[in-house]
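What follows is each chain in one-letter form.
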Amino acid sequence: MSTHTLTAYCPLGLGEIAVEITYRYTPGRPARGPSYASGGEPADPPEVEFISASSTFNDVFVWLMVTEWAEEWLAGDDGRDKAIDNAEEA
């Protein structure tokens, strides 16, 4: 388990806000084949857990919106894949 950060861009009005997302990464485990003692075990995929989000705006409402957006983005396929790639490259 390790902690990483990445920058994502939250849409806001006609522009975007740069958001720094901090998350915890747990690498997956490959499948294990059958043996005499066990029928085998399936693979475990890598896991990504949201920790926090920050931006350059000091407004409470923007912070709340950005935090909610970042958590949802990280849980989606696109965000999850980018977070995994970022963690595996580190």
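For clarity, every value in this text was computed on a predicted model and none was experimentally measured.

### So, the overall build of the protein
In step 1: Looking only at helices and strands, one finds 2 helices and 3 strands in the protein.
In step 2: Overall, the protein shows an N-to-C arrangement of helices and strands of β-β-β-α-α.
In step 3: Here the protein has a C-alpha radius of gyration of 17 Å; the compact-globule value for 90 residues is 12 Å, and the former is much larger.
In step 4: With the C-alpha coordinates aligned to their principal axes, the bounding extent of the protein is approximately 60 × 20 × 20 Å.
In step 5: Within the protein, the fraction of its 90 residues that count as buried is 26%.
In step 6: The long-range share in the protein, meaning contacts at least 24 apart out of those at least 6 apart in sequence, stands at 51%.
In step 7: With 5 positive and 16 negative side-chain charges, the protein shows a spacing of 10 Å between the two charge centroids.

### Re the sheet that holds strand β1 (residues 2–12)
In step 1: Spatial strand order, β1-β2-β3: 3 strands in an open sheet with antiparallel pairing. Taken across any chain shown, the strands that pair with only one partner, and hence form the sheet edges, are β1 and β3 (47–54). This sheet shows a mean twist of 35 degrees between the axes of neighbouring strands, independent of strand direction.
In step 2: For strand β2 (residues 15–26) and β3, the ladder comprises 7 bridges, and the chain directions are antiparallel. Bridge pairing in β3 links Thr22 to Ser52.

### Focus on the pattern of salt bridges
In step 1: Applying the stated criterion across every chain, the model contains 5 salt bridges.
In step 2: Put simply, Asp81 and Arg80 hold a salt bridge, and the shortest N to O gap is 4.0 Å.
In step 3: According to the relative accessible area criterion, Asp81 is partly exposed, its value standing at 40%.
In step 4: Sharing partners across several salt bridges, the network here consists of Arg29, Glu41 and Asp44.

Here is what the cut-offs are and how they apply
- Residues numbered from 1 in each chain as written.
- Predicted model: local features only at pLDDT ≥ 70, side-chain atom pairs only at ≥ 80, totals over all residues.
- Heavy atoms only, no water.
- Helix = DSSP H or I, 4+ residues; strand = E, 2+ residues; numbered from the N terminus.
- Rg over C-alpha atoms; globule rule 2.2 N^0.38 Å.
- Buried < 20%, exposed > 50% of the residue type's maximum accessible area, 1.4 Å probe, protein only.
- Contact = heavy atoms within 4.5 Å.
- Lys, Arg positive; Asp, Glu negative; His and termini not counted.
- Charge placed at Lys NZ, Arg CZ, Asp CG, Glu CD.
- Pairing = 2+ DSSP bridges.
- Axes fitted to C-alpha atoms, helices over the stretch in contact; angles between N-to-C directions.
- Salt bridge = Lys/Arg side-chain N within 4 Å of Asp/Glu carboxyl O.

Without other data, these values stay purely geometric and don't point to any function.
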